[in-house]
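Below are the chains, spelled out letter by letter.
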Amino acid sequence: MRIFEQLESEVRGYVRAFPAIFDVARGSQIWDEQGRRYIDFFAGAGTLNYGHNNPIISQAMIEYLQHDGIVHALDKATVAKKAFLQKFYDTILQPRNLDFKMQFTGPTGTNAVETALKLARMVKRRSNIIAFTNGYHGLTLGSLAVTGNNFYRDEFFGMRLNADQMPFDGYFGPDINTIDYLRKFLSDNSSGIDLPAAIIVETVQGEGGINVASIAWLQQLEAVCRDFDILLIIDDIQVGNGRTGTFFSFERAGLKPDMVTLSKSIGGGMPLAMLLMRPELDQWKPGEHTGTFRGNNLAFVAATQALSYWENDDLSDAVRYKGDILQQGLSAIAQKYPELEMRLRGLGMVWGLEIPRKGFAGEVSKEAFANGLVIELAGSEDQVVKFLPALTIEEELLHEGMAIIDSAIGTLLARKREAMKGESWG
Ligand SMILES: Cc1ncc(COP(=O)(O)O)c(C=O)c1O
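Criteria and cut-off values
- Residues numbered from 1 in each chain as written.
- Predicted model: local features only at pLDDT ≥ 70, side-chain atom pairs only at ≥ 80, totals over all residues.
- Heavy atoms only, no water.
- Patch = residues over 30% accessible without salt bridge, like charges linked within 9 Å, V, L, I, M, F, W, Y side chains within 5 Å.
- Areas by Shrake-Rupley, 256 points an atom, 1.4 Å probe, with all protein chains shown as cover.
- Salt bridge = Lys/Arg side-chain N within 4 Å of Asp/Glu carboxyl O.
- Helix = DSSP H or I, 4+ residues; strand = E, 2+ residues; numbered from the N terminus.
- Buried < 20%, exposed > 50% of the residue type's maximum accessible area, 1.4 Å probe, protein only.
- Expected span 1.5 Å × (residues − 1).
- Contact = heavy atoms within 4.5 Å.
- Near = heavy atom within 4 Å.
- Polar contact = N/O pair within 3.5 Å; in protein donor to acceptor, adjacent residues only side chain to side chain.
- Nonpolar A, V, L, I, M, F, W, Y, C, P; charged D, E, K, R; others polar.
- Phe/Tyr/Trp six-rings, centres within 6.5 Å; stacked < 30°, edge-to-face > 60°.
- Pairing = 2+ DSSP bridges.
- Core = buried A, V, L, I, M, F, W, Y, C linked by side-chain atoms within 4.5 Å.
- Axes fitted to C-alpha atoms, helices over the stretch in contact; angles between N-to-C directions.

Engineer: Give a detailed account of a nonpolar patch on the surface, specifying residues and quantitative values.
Structural biologist: A cluster of nonpolar side chains, Met-1, Ile-3, Phe-4 and Leu-7, forms an exposed patch at the surface whose accessible area comes to about 380 Å². Examined against the element boundaries, Met-1 turns out to sit in the segment before α1 (2-7). Take Met-1: its relative accessible area is 33%, and that puts it in the partly exposed class.

Engineer: Describe helix α14 (residues 395-420), listing the residues and the values that go with them.
Structural biologist: Think of an α-helix as turning once every 3.6 residues; residues three or four places apart then point the same way. Helix length check: α14, at 26 residues, gives a terminal C-alpha distance of 38 Å against a target of 38 Å (1.5 Å per residue), a fit within 8%. When we look at burial in α14, the residues that qualify are Leu-397, Leu-398, Gly-401, Met-402, Ile-404, Ile-405, Asp-406, Ala-408, Ile-409, Leu-412 and Leu-413. Those residues of α14 hidden inside the fold are in contact with β2 (29-32), β3 (37-40), α12 (314-336), α13 (360-370), β15 (373-374) and β17 (384-387). Directly after α14, the chain includes Lys-421, whose backbone phi takes a positive value near 45°.

Engineer: Now, about the site of the ligand: what can you tell me, with residues and values included?
Structural biologist: Neighbouring the ligand are the residues Thr-108, Gly-109, Thr-110, Tyr-136, His-137, Gly-138, Glu-202, Glu-207, Asp-235, Ile-237, Gln-238 and Lys-264. One of the backbone nitrogen or oxygen atoms of Thr-110 is found 2.9 Å away from an oxygen atom of the ligand. The fraction of the free accessible surface of the ligand (390 Å²) that becomes covered by protein chains is 84%. Here the shell around the ligand is composed, by residue class, of two nonpolar, six polar and four charged.

Engineer: Describe the pattern of salt bridges, listing the residues and the values that go with them.
Structural biologist: Counted according to the given criterion, the structure contains 23 salt bridges. Ionic pairing is found between Glu-311 and Lys-87, a salt bridge with its closest N-O pair at 2.4 Å. Note that Glu-311 is positioned in the loop between α11 (297-307) and α12 and Lys-87 in helix α5 (residues 79-93), a separation of 224 residues in sequence. Ionic pairing is found between Asp-229 and Arg-126, a salt bridge with its closest N-O pair at 3.0 Å. Residue Asp-229 is found in the loop between α10 (215-227) and β10 (231-235), and its partner Arg-126 is found in the loop between α6 (109-124) and β5 (129-132); the two are separated by 103 residues along the sequence. Via salt bridges that share partners, Glu-222, Arg-226, Asp-258, Arg-278 and Glu-280 belong to a single interconnected network.

Engineer: Hey, could you go over the packing of aromatic side chains for me, with residue numbers and the actual values?
Structural biologist: Under the definition given, this model contains 24 aromatic pairs. Every member of this aromatic cluster is reached through a ring pair, and the members are Phe-84, Phe-88, Phe-104, Phe-247, Phe-248, Phe-250, Phe-300 and Trp-310.

Engineer: Can you lay out the pairing of strand β7 (residues 198-201) for me, pointing to particular residues and giving the numbers?
Structural biologist: Where burial is concerned, the two faces of β7 agree: the one with Ala-198 and Ile-200 and the one with Ile-199 and Val-201 are both buried. Where β5 lies against β7, two bridges are found, and the strand directions are parallel. Note on β7: the bridge partner recorded for Ile-130 is Ile-199. Sheet topology note: the β7/β10 ladder contains four bridges and is parallel. Looking at the pairing, Ile-200 lines up with Ile-233 of β10.

Engineer: Help me get a handle on the nonpolar core, residues and values and all.
Structural biologist: Across soluble globular proteins, you tend to see nonpolar side chains buried next to one another. Counting residues in each nonpolar core, the largest one holds 89 residues, and the members touching the most others are Phe-88, Leu-182, Phe-248, Val-385, Phe-387, Ile-405 and Ile-409. When sequence neighbours within four positions are dropped, the list of residues in contact with Ile-405 reads Ile-333, Val-364, Ala-368, Leu-373, Ile-375, Val-385 and Phe-387. Residues Ala-116, Val-123, Val-146 and Met-259 belong to the second largest nonpolar core, which totals 22 residues.

Engineer: Which residues make up the environment of Ala-25, and what values go with them?
Structural biologist: The topology assignment puts Ala-25 in strand β1 (residues 22-26). The exposure class of Ala-25 is buried, given its relative accessible area of 17%. In the structure, Ala-25 is positioned 13 residues away from Tyr-38 in sequence and 9.3 Å away in space, judged by C-alpha atoms. Residues contacting Ala-25, with those up to four places away along its chain left out, are Ile-30, His-52 and Asn-53.

Engineer: Describe the sheet that holds β15, listing the residues and the values that go with them.
Structural biologist: Spatial ordering of the open sheet is given by β1-β2-β3-β15, a layout of four strands whose pairing is mixed. Because the sheet does not close on itself, it has two edges, and the strands there are β1 and β15. The pairing of β1 with β2 spans four bridges and is antiparallel. Looking across to β2, one finds that Ala-25 is bridged to Ile-30. Taken strand by strand, α14 contacts β2, β3 and β15, and its axis lies near 100° from that of β3.

Engineer: Lay out the sheet that holds strand β16 (residues 376-378) with the relevant residues and their values.
Structural biologist: Here four strands make up an open sheet; going across it, the order is β13-β14-β17-β16 and the pairing antiparallel. Here the strands that pair on one side only, and so sit at the sheet edges, are β13 (343-347) and β16. Sheet twist, expressed as the average angle between the axes of neighbouring strands with direction ignored, equals 30°. With four bridges joining them, strand β14 (residues 350-354) and β17 adopt antiparallel strand pairing. Note on β17: the bridge partner recorded for Leu-353 is Val-385. Contacting β13, β14 and β17, α12 runs over the sheet at an angle of about 5° to β14.

Just distances and angles here, no functional claims.
Listed below in structure tokens is the structure:
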């Protein structure tokens, strides 16, 4: 590990939580340089919905490189891009009756978010954007302004201009409808909140702690957008691409967003990001929003293969089936250790086990890693253990991973009890 400490910036994050030198990865398993095996319940924070080195995807990339397929072409027309555009239209847009233009941005999620915010402001000729408490949209300056967690913000690079945060669904508990609050602020011209160009929202907040917006809340949010002529941007970077059981996470609420940001798994494991927009919103002048790495062709090849999972309902069915296994397994764990007062939240194959006791979730992740499971945390205090396995994970690995969590919690509790020698703790 010394070379990473010596030569790589202090900004290193995940390497500290998972201190191993990883080497080989296949499906939902990773091996480090010592040959130690880990089950992956992290899936690149939602990038590996189809697993590591999915053979269908890898094979197409190998063949593309072997015939010297063009890899870098800026935004020129290529055979690989043509295939992707057609496949995305045929398998995703057309069957859902969605009329969107596609814009390829720089390859990470935050690039797609920046693009959406910029276009919304340009089209609506308004500068303000509304986002939600606990929302996460990336860390470049525009996206950072609409990201909630102040761990990422230093007041000197904060630039919180032109962005307001409103309470997400359930922020004040189950009895307060936060849409009423939003509507009141928008309709009162003395509320201090400027009419925004757009509202950006995750239908299930990933980094924010697996907070699932209800269907009613999402539909009311869409109605607010229509009533006040505000664009609705769904950030589907983490929970799109089938994570919740449908390709887009907003399908469960029947929304018709104005823009959708996609990244992470859209590239089938390769860096790719895109913005979907209603055709009337596509008001860019040629080349007005550009960048060197937009739509890398190897990523298009991978992405086109990944979309073959959407030619039928098998993957959606698998997400529902394995999502139930996760829900049942995790509820059983929550019930087994009532003293921890854990709360389970989620949908499809994204689940969060909130452990209110300070620092405990972090210890669970650490103990699980020591026992061969890579699992991340979420929430403003890292209080949520986040279950985000590949959608293609084998059922046995799902059970094996949950058993590691169960025994990690049991071990930690036993250790605490031992340390307290029978006294009550907490
Ligand atoms: C919902 C959402 N939006 C945007 C981003 C930013 O993506 P990236 O880290 O690729 O810039 C993330 C990353 O986790 C995300 O979860």
